[in-house]
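Close look at the chain arrangement
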Amino acid sequence: MDIAKRSEHNPLLKPSDLRPGIKGMEITCLLNPGVFRMNGKTWLIMRVAERPAQEPGKISFPVYNKSGKIEVLHFDKDDPLLDASDPRVIKYKGQNYLTTLSYFRLVCSDDDINFSEDPAYPPIFGKGLLESFGIEDCRVATMEDGYYLTYTQVSPVAVGVGLMVTQDFINFEHKGMIFPPHNKDCAIFEQKINGKYYALHRPSSPELGGNYIWLAESPDRLHWGNHKCIAVTRPGGWDSARIGAGAAPVRTPEGWLEIYHGANSENRYCLGALLLDLNDPSKVLARSKDPIMEPIAPYEQTGFFGNVVFTNGHYLSGDNLKIFYGASDEVICGATFSINNIFNSLK
Ligand code: MAN
């Protein structure tokens, strides 16, 4: 059952609300923001996806070339070797490309409704070969010694998880790839457990196994080991094709509560919850049988890539979990879950 209380102001942000950040491009999508609180405000680190205005008969999209400059590639829509059936990806002669280039931009708000940019916080662009197709879906772990940002690094050689650390969202320490390919959906726990750091991550193992949620531990948040698979997809269900962690789990007296996404073979993305043991988060105490949020609002069903609700950011306010999410891979929305209602749904 869908137990999310959607903001009546949804969508909160749409592509036309901002100016493109790359010269000659248009904003195609705003999506999947990481969330943190700073200076009494709510901040979103949004993924902004851009491409040039599309000409008839062509597909054009930007990539970073070897010298780190943005270059536009063009494909002929009628080329029989081109597979453009998915609006997000194109396949050509055995190589996959993304139809847009993503980077991050910050917006903040006093009321969780009106978000605006602050010119003191510049956009964050991908850097280097491993980010030459862009950076996506940033999670923010707010920790004692700074903000730990995990995000997807995309390039022709890999999809993996990158780490950046910042104190102020102006200066960033780039720590490189912490989970090698194919991996994404990484959320670092915001507190140590028995002296160790923990993270959820999502390696893909297509021949044996699948797109499952794993847990790893680390002494320093750079080196990860003792990997364990803690949740798998469920045949026939709403989360039958892939599952992945959302934001850092919330510590509750009952356990670590994780809001995760699951998709079926039709690429319909819903949200569910996992409850993990406080002392040993590899133990799953409960898992949603049915989604706690499904794409049911019109803006969640139609857009750049319809039938998607995808979250990787929230903050806790009393019993309320304020989530921000990407809808239809095009607009950013807000919703509230009562933690209590989530627990009731897990019984
Ligand atoms: C993948 C990621 C997300 C995206 C969903 C739905 O999981 O690329 O960023 O929102 O697919 O398209």
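Up top is the structure these notes are about.
Below is a short write-up of the structure. (Residues numbered from 1 in each chain as written. Predicted model: local features only at pLDDT ≥ 70, side-chain atom pairs only at ≥ 80, totals over all residues. Heavy atoms only, no water.)

A few points about the sheet that holds strand β14 (residues 183-188)
The strands making up a sheet are joined through hydrogen bonds of the backbone, oriented either antiparallel or parallel. To be explicit about the condition: Any two strands with at least two DSSP bridges between them are considered paired. Numbering of helices and strands starts at the N terminus; helices are DSSP runs of H or I of at least 4 residues and strands are runs of E of at least 2. Angles shown run from 0 to 180 degrees and are taken between the N-to-C directions of axes, each axis being a line fitted to C-alpha atoms and, for helices, limited to the stretch in contact.
Read from one edge to the other, the open sheet built from four strands follows the order β14-β15-β16-β17, with strand pairing classed as antiparallel. If you trace the sheet from one side to the other, it starts and ends with β14 and β17 (225-231), each paired once. Strand after strand, the sheet turns through a mean of 25° between neighbouring axes, direction not considered.

Digging into the site of the ligand
Worth spelling out the cut-off: Residue proximity to a molecule or strand is established when one non-hydrogen atom of the residue lies within 4 Å of it. Here a polar contact is taken to be a pair of N or O atoms separated by no more than 3.5 Å, where protein atoms must pair a possible hydrogen donor with a possible acceptor and residues adjacent in sequence count only if both atoms sit in side chains. Here the term charged refers only to Asp, Glu, Lys and Arg, the term nonpolar to Ala, Val, Leu, Ile, Met, Phe, Trp, Tyr, Cys and Pro, and the term polar to all other amino acids, Gly among them.
In the vicinity of the ligand, the residues found are Asn32, Arg47, Arg88, Asp137, Lys184, Tyr269, Phe305, Phe310 and Asp329. A distance of 2.5 Å separates an oxygen atom of the ligand from a polar side-chain atom of Asp137. Here Asp329 contributes a side-chain N or O atom positioned 2.5 Å from an oxygen atom of the ligand. When its residues are assigned to classes, the shell around the ligand shows three nonpolar, one polar and five charged.

Considering the side chain of Asn264
The cut-off we apply is this: It only takes one pair of heavy atoms within 4.5 Å for two residues to be counted as in contact.
Examined against the element boundaries, Asn264 turns out to sit in the loop between β20 (255-263) and β21 (269-276). Polar contacts involving the side chain of Asn264 include one to the main-chain amide nitrogen of Arg268, which spans 3.1 Å. When neighbours within four sequence positions are excluded, Asn264 is seen to be in contact with Gly237, Trp238, Ser240 and Ala241.

Digging into the environment of Leu215
Selection criterion: When accessible area is computed with a 1.4 Å probe and restricted to protein chains, residues below 20% of their type maximum are described as buried, those above 50% as exposed, and intermediate ones as partly exposed.
Assignment of secondary structure puts Leu215 in strand β16 (residues 213-218). Looking at Leu215, the relative accessible area reads 3%, which means it is buried. Separated by 29 residues in the primary sequence, Leu215 and Cys186 have C-alpha atoms spaced 9.4 Å apart. Setting aside chain neighbours within four positions, we find Leu215 in contact with Phe189, Tyr198, Ala199, Leu200, His201, Asn226, His227, Lys228, Ile230, Pro281 and Ser282.

Observations regarding the side chain of Ser155
Its location among the elements puts Ser155 in strand β11 (residues 146-155). Dropping the residues within four chain positions of it, Ser155 is found in contact with Leu129, Leu130, Glu131, Ser132 and Phe133.

Observations concerning the packing of aromatic side chains
Stated precisely, the cut-off is as follows: Side-chain rings of Phe, Tyr and Trp, where Trp is taken by its six-membered ring, are said to pair if the distance between their centres is within 6.5 Å; with planes under 30 degrees apart they count as stacked, over 60 as edge-to-face, and otherwise as tilted. Throughout this description, the term charge over a ring refers to an Arg CZ or Lys NZ atom that lies within 6 Å of the ring centre and within 35 degrees of the ring normal.
On inspection of all chains with the given rule, the structure shows 19 aromatic pairs. Centre to centre, the rings of Phe61 and Tyr97 are 5.6 Å apart; their planes meet at 50°, and the pair counts as tilted. With Phe61 in strand β4 (residues 58-64) and Tyr97 in strand β8 (residues 95-98), the pair connects residues that are 36 residues apart, well separated along the chain. Judged by relative accessible area, Tyr97 falls into the buried class, the value being 17%. On the basis of an interplanar angle of 50° and a centroid distance of 6.1 Å, the ring pair of Tyr269 and Phe310 is categorised as tilted. A residue pair is termed long-range when its members are at least 10 positions apart, and Tyr269 in strand β21 and Phe310 in strand β23 (residues 309-317) qualify at 41 residues. Residue classification places Tyr269 among the buried residues on the basis of a relative accessible area of 9%. Overall, Phe310 belongs to the buried group, its relative accessible area being 7%. Through successive ring pairs, a cluster of aromatic residues spans Phe36, Trp43, Tyr121, Tyr147, Phe169 and Phe172. We note Arg88 situated over the ring of Phe305; from NZ or CZ to the ring centre the distance is 3.8 Å.

Looking at the nonpolar core
Operational definition: Here, the term nonpolar core denotes a set of buried Ala, Val, Leu, Ile, Met, Phe, Trp, Tyr and Cys residues that are joined through side-chain atoms within 4.5 Å.
Counting 26 residues, the largest nonpolar core has Leu257, Met293, Tyr325, Phe337 and Ile342 as its most contacted members. If you list the elements that add at least two residues to this core, you get β20, β21, β24 (320-327), β25 (331-338) and α2 (339-346). Sequence-distant contacts of Phe337, that is, excluding residues within four places in its chain, are made with Ile3, Ala4, Ile292, Met293, Asp319, Asn320, Leu321, Ile323 and Ile342. Within the second largest apolar cluster, 19 residues are counted, among which are Leu12, Val48, Tyr64 and Phe324.

Observations concerning the sheet that holds strand β6 (residues 82-86)
Overall, antiparallel pairing links the three strands, which are arranged β6-β7-β8 in an open sheet. Of all strands in the sheet, those bounded by a partner on one side alone are β6 and β8. Sheet twist, expressed as the mean angle between neighbouring strand axes with direction ignored, is 25°. By the bridge criterion, three bridges tie β6 to strand β7 (residues 89-92) in an arrangement that is antiparallel. Bridging from a neighbouring strand, Asp86 pairs with Val89 of β7.

Focus on the pairing of β17
Relative to β17, β16 runs antiparallel, the two being bridged by four bridges. Across the sheet, the residue bridging to Leu215 is Lys228, located in β17. Counting the residues in the hairpin turn of β16 and β17 gives six residues, including Arg221, whose phi is positive at 75°.

All quantities given are derived from atomic positions and should not be read as evidence of function.
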